[in-house]
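Descriptive analysis of the structure
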Amino acid sequence: DAMVIQNPRYQVTQFGKPVTLSCSQTLNHNVMYWYQQKSSQAPKLLFHYYDKDFNNEADTPDNFQSRRPNTSFCFLDIRSPGLGDAAMYLCATSSQGAYGETQYFGPGTRLLVL
Amino acid sequence: RKEVEQDPGPFNVPEGATVAFNCTYSNSASQSFFWYRQDCRKEPKLLMSVYSSGNEDGRFTAQLNRASQYISLLIRDSKLSDSATYLCVVAPSGTYKYIFGTGTRLKVLA
């Protein structure tokens with residue numbers, strides 16, 4: 001049973017054309033994360049939510065925005081994708097954050113920018 | 001110094017071999033530790049959490065050394081299906097963040 005679902009699995013967009021990636025979860029976890037992962041690199045945290053409390057990483061470009069309309073859903077908006085934004089985008093959840101709790105990952109969305 | 005450091009490998013080992021990976025972390029206040037496995041072009045999946053007393057799951061054993069600030073993963077009797085990248089993940093206390101190492105790539109050869 002899928003617990004963290006990401007759509008689409010593959011997204012092709014044009015340079016500068018806005019794109020939205022979605023994530024949903026059936027775990028009822030209160031923390032949700034968005035990571036960017038490029039080839040042979042560690043996942044890089046972009047931002048996370050504790051419930052509706054949004055936490056942006058200092059080095060996350062302004063081009064990246066996020067919305068969490070309810071517990072189950074979280075969206076990543078890339079306002080003007082550049083070639084350097086081509087990557088795997090991973091959504092993850094945890095029940096209360098970093099106190100011995102496991103993170104669960106979705107299958108990822110692979111973004112290609114033409 | 002990176003917060004979490006791993007030898008990127010690759011480690012090429014024959015089937016049946018025992019292989020060990022180490023991971024060091026810089027934040028002594030770190031509270032939780034994990035090993036994740038990531039196959040090529042897939043998402044990370046939890047392999048095991050790492051506890052102070054050490055823990056074992058089948059062919060996999062994880063150890064934590066708080067004094068030296070490292071964790072280890074031992075894989076016994078390697079299988080071809082163990083070929084993957086192994087990510088060390090550390091969770092500092094007082095934060096909801098998880099810090100990832102860059103991963104150690106393992107290739108088990110027939």
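Heads up: these notes are all about the structure in this document.

The tally for this structure, following the rule as stated, stands at 2 disulfides over all chains. Between the sulfur atoms of C23(A) and its disulfide partner C91(A) the distance amounts to 1.9 Å. Because the sign of the S-S torsion sets the handedness, a value of about -70 degrees for the bond joining C23(A) and C91(A) places this disulfide among the left-handed ones. With C23(A) in strand β3 (residues 19-25) and C91(A) in strand β9 (residues 87-94), the pair connects residues that are 68 residues apart, well separated along the chain. Across the pair, exposure class does not vary: C23(A) and C91(A) are buried alike. Between C23(B) and C88(B) runs a disulfide, and the two sulfur atoms are separated by 1.9 Å. Disulfide C23(B)-C88(B): the torsion about the S-S bond is -70 degrees, which places it as left-handed. Here C23(B), found in strand β3 (residues 19-25), pairs with C88(B), found in strand β9 (residues 84-92); they are 65 residues apart in sequence, far enough to count as distant.

Turning our attention to the interface of chain B and chain A. Every contact between the two is made by 21 residues of chain B and, on the other side, 25 residues of chain A. One can count 1 salt bridge joining chain B with chain A. The salt bridge partner of K97(B) is E57(A), with a shortest N-O separation of 3.1 Å. Secondary structure elements with two or more residues in the side of chain B that touches chain A: β4 (30-38), β5 (44-50) and β9 of chain B. When residues in the side of chain B that touches chain A are grouped by element, the largest group, 5 residues, is from β4(B).

All right, on to the packing of aromatic side chains then. Applying the stated criterion across every chain, the model contains 17 aromatic pairs over all chains. Pairing Y50(A) with Y96(B) gives two aromatic rings, centres 4.6 Å apart and planes at 25 degrees, and the pair type is stacked. With Y50(A) in strand β5 (residues 44-50) and Y96(B) in the loop between β9 and β10 (99-100), this residue pair bridges two chains.

Let us now look at the sheet that holds β3(A). Residues and elements named next belong to chain A. Taken together, 4 strands build an open sheet; the order of strands is β1-β3-β8-β7 and the sheet is antiparallel. In the strand order of this sheet, the two ends are held by β1 (4-7) and β7 (64-67), each with one partner. Here the strands of the sheet are splayed against their neighbours by 20 degrees on average, with no regard to which way each runs. Both β3 and strand β8 (residues 73-78) contribute to a ladder of 6 bridges, which runs antiparallel. When the sheet's bridge partners are listed, L21 is paired in β8 with L76.

Rules used throughout
- Residues numbered from 1 in each chain as written.
- Chains lettered and ligands numbered in written order.
- Predicted model: local features only at pLDDT ≥ 70, side-chain atom pairs only at ≥ 80, totals over all residues.
- Heavy atoms only, no water.
- Disulfide = S-S within 2.5 Å.
- Helix = DSSP H or I, 4+ residues; strand = E, 2+ residues; numbered from the N terminus.
- Buried < 20%, exposed > 50% of the residue type's maximum accessible area, 1.4 Å probe, protein only.
- Contact = heavy atoms within 4.5 Å.
- Salt bridge = Lys/Arg side-chain N within 4 Å of Asp/Glu carboxyl O.
- Phe/Tyr/Trp six-rings, centres within 6.5 Å; stacked < 30°, edge-to-face > 60°.
- Pairing = 2+ DSSP bridges.
- Axes fitted to C-alpha atoms, helices over the stretch in contact; angles between N-to-C directions.

Coordinates in, geometry out; function isn't part of it.
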